[in-house]
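# Fold and geometry: a report
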2 protein chains.
Amino acid sequence: MAVQARYEQYEELSRQLGAFGAVKRELGRILPSECASGSAAVVTLLGRHGDMRMSKLAELLAVDMSVTSRHVAHVAERGWIERLPDPADRRSRILRLTPEGHLLLAELSRRTTHLLAERLGDWSEEDVTQLTRLMARLRAGFDDCRALPPRLPPPEPQTTTRTPATT
Amino acid sequence: MAVQARYEQYEELSRQLGAFGAVKRELGRILPSECASGSAAVVTLLGRHGDMRMSKLAELLAVDMSVTSRHVAHVAERGWIERLPDPADRRSRILRLTPEGHLLLAELSRRTTHLLAERLGDWSEEDVTQLTRLMARLRAGFDDCRALPPRLPPPEPQTTTRTPATT
DNA sequence: TATTGTTATACTCTATAACTATA
DNA sequence: TATAGTTATAGAGTATAACAATA
């Protein structure tokens, strides 16, 4: 039946999602000293989208603003960004890459693309494009519903133990 | 030129990889109490591949054995797996799911597939299959070369500051 | 001497809650 | 009263190094 096949697809996708952390860790290992992955994300997003406020950055990072605040403080301490006052709202701060930040961004791009070129050198252009497109779509599917938290499925109709976790 | 286009593909893929943490965090939020994502990975891999030794599990998890040891201890304390002596090597231990572990595995599968069904319900079967296939291939590309650590690209030929990180 | 696995320590990322300053 | 951002605290994941037991 089609439903059964679809759930097996989800199972398999779930396994790939679980194992995908290894890829991100590997990418993290090539980062420059002092620049952890959180810092790299801040610099990369500012380079991609331009100056923005904390709240906007938190949204793009898809993490709580408290986390964003810590990452931004770390990056600002190292001189890669500056925090300008927002003339429209004195509670807010505008984040902007410094010249040193742009240099770091170029270095990050160089290292990342080099590693990906090493690992994906034998991929067809179509496959790279497809993977990027499908990952973006999956992420968008999770972003969209971030307001409403994920719901659990209804409990099993069977009369078996339903919550093995809370033993 | 083609090389330039390829590097732009890598840039875009890199951004998607960076933003992908949000998907994994969302999947982590639906886990049962006491079962963190590390525990879920252990149970899932044992269910998928059957009984195995610590070293094999560490390889499948793609993390250091010390990390594996901690996750396994957590899972064993909750009765989801047992650690049997290995008759072939007394240093080693064979990991096996308990009946409670199988119940937990079923519950994990139920919750994960439900969430994916909610988020990917409008995807074509081809797209789901493609994404799974390409993620597996990308991960394999990183797994294969895990023995040799990722190498950094050669320094820029230009006479600019090459290491903005070590300011 | 080499390998399997455990433990101690330290670092990063994340979320929740309490707090300050401003709207 | 509500919002933008910060800080304190706690929990989870990971790696390195030192260690025990066995091969």
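A positive phi angle, near 80 degrees, is found at A:Glu34, a position not held by glycine. Here B:Ala62, not a glycine, exhibits a phi torsion of approximately 60 degrees, which is positive. Within the element layout of this structure, B:Ala62 appears in the loop between α4 (54-61) and α5 (65-77). On the basis of relative accessibility, which here comes to 13%, the residue B:Ala62 falls in the buried class.

Attention now moves to the packing of aromatic side chains. One pass over the full model with this rule turns up three aromatic pairs over all chains. Centre to centre, the rings of A:Tyr7 and A:Tyr10 are 5.7 Å apart; their planes meet at 75 degrees, and the pair counts as edge-to-face. Taken as a pair, A:Tyr7 and A:Tyr10 lie in helix α1 (residues 2-19) at a separation of three residues, close to a single helical turn. Under the relative-accessibility criterion, A:Tyr7 is labelled partly exposed at 33%. The positively charged end of A:Arg137 is found above the aromatic ring belonging to B:Trp123, 4.4 Å away from the centroid. It is B:Arg119 that lies over the ring of A:Phe142; its NZ or CZ is 5.3 Å from the centre.

A separate point is the packing of helix α4 (residues 54-61) of chain A against helix α5 (residues 65-77) of chain A. Residue and element names in this part refer to chain A. Contact geometry for α4 and α5: axes closest at 9 Å, N-to-C directions at 105 degrees. Considering the angle they form, α4 stands roughly perpendicular to α5. When α4 is examined against α5, the residues Met54, Ser55, Leu57, Ala58 and Leu61 are found in contact with a partner set consisting of Met65, Thr68, Ser69 and Val72. Split by residue class, the contact of α4 with α5 holds six nonpolar, three polar and no charged.

A word on the protein's contact with DNA strand C. As a matter of local geometry, DNA strand C sits amid 24 residues, with A:Gly38, A:Ser66, B:Ser69, B:Arg91 and B:Arg93 nearest to it. At the protein interface, 64% of the atoms of DNA strand C within 4 Å belong to sugar or phosphate. With respect to DNA strand C, the side chain of A:Arg91 contributes an N or O atom lying 3.5 Å from a base oxygen. B:Arg93 has a polar side-chain atom sitting 2.8 Å from a phosphate oxygen of DNA strand C. Residue assignment for the surface near DNA strand C shows that the elements contributing at least two residues are α3 (37-49) and α5 of chain A together with α2 (21-29), α4 and α5 of chain B. Element by element, the count of residues in the surface near DNA strand C is highest for α5(A), at four residues.

Listed by partner, the interface residues are 82 residues for chain B and 82 residues for chain A. Of all residues in chain B, B:Arg110, B:Arg119 and B:Phe142 give up the largest surface area on contact with chain A, accounting jointly for 9% of the area buried on that side. Elements supplying a minimum of two residues to the side of chain B that touches chain A: α1 (2-19), α2, α3 (37-49), α6 (99-120) and α7 (125-144) of chain B. Taken together, the residues of the side of chain B that touches chain A break down into 38 nonpolar, 19 polar and 25 charged.

A few words now on the sheet that holds strand β1 (residues 52-53) of chain B. All names here are of chain B. Spatial ordering of the open sheet is given by β1-β3-β2, a layout of three strands whose pairing is antiparallel. The sheet terminates laterally at β1 and β2 (81-85), the two strands that pair on one side only. As paired strands, β2 and strand β3 (residues 93-97) are joined by five bridges and run antiparallel to one another. Within β3, the position partnered with Glu82 by the bridge is Arg96. Strands in contact with α5 are β2 and β3; relative to β2, the strand with the most contacts, it is inclined by about 110 degrees.

This part takes up the pattern of salt bridges. If you walk through the whole model with that rule in mind, you get 28 salt bridges over all chains. Among the salt bridges present, the one from B:Arg110 reaches B:Glu107, with a minimum N-O distance of 3.3 Å. Taken as a pair, B:Arg110 and B:Glu107 lie in helix α6 at a separation of three residues, close to a single helical turn. Salt bridges sharing partners connect three or more residues here, namely A:Glu12, A:Arg15 and B:Arg48.

Scoring rules and cut-offs
- Residues numbered from 1 in each chain as written.
- Chains lettered and ligands numbered in written order.
- Predicted model: local features only at pLDDT ≥ 70, side-chain atom pairs only at ≥ 80, totals over all residues.
- Heavy atoms only, no water.
- Helix = DSSP H or I, 4+ residues; strand = E, 2+ residues; numbered from the N terminus.
- Buried < 20%, exposed > 50% of the residue type's maximum accessible area, 1.4 Å probe, protein only.
- Phe/Tyr/Trp six-rings, centres within 6.5 Å; stacked < 30°, edge-to-face > 60°.
- Lys NZ or Arg CZ within 6 Å of the ring centre and 35° of its normal.
- Axes fitted to C-alpha atoms, helices over the stretch in contact; angles between N-to-C directions.
- Parallel < 35°, antiparallel > 145°, perpendicular 65-115°, else oblique.
- Contact = heavy atoms within 4.5 Å.
- Nonpolar A, V, L, I, M, F, W, Y, C, P; charged D, E, K, R; others polar.
- Near = heavy atom within 4 Å.
- Polar contact = N/O pair within 3.5 Å; in protein donor to acceptor, adjacent residues only side chain to side chain.
- Buried area = accessible area lost by both parts, 1.4 Å probe.
- Pairing = 2+ DSSP bridges.
- Salt bridge = Lys/Arg side-chain N within 4 Å of Asp/Glu carboxyl O.

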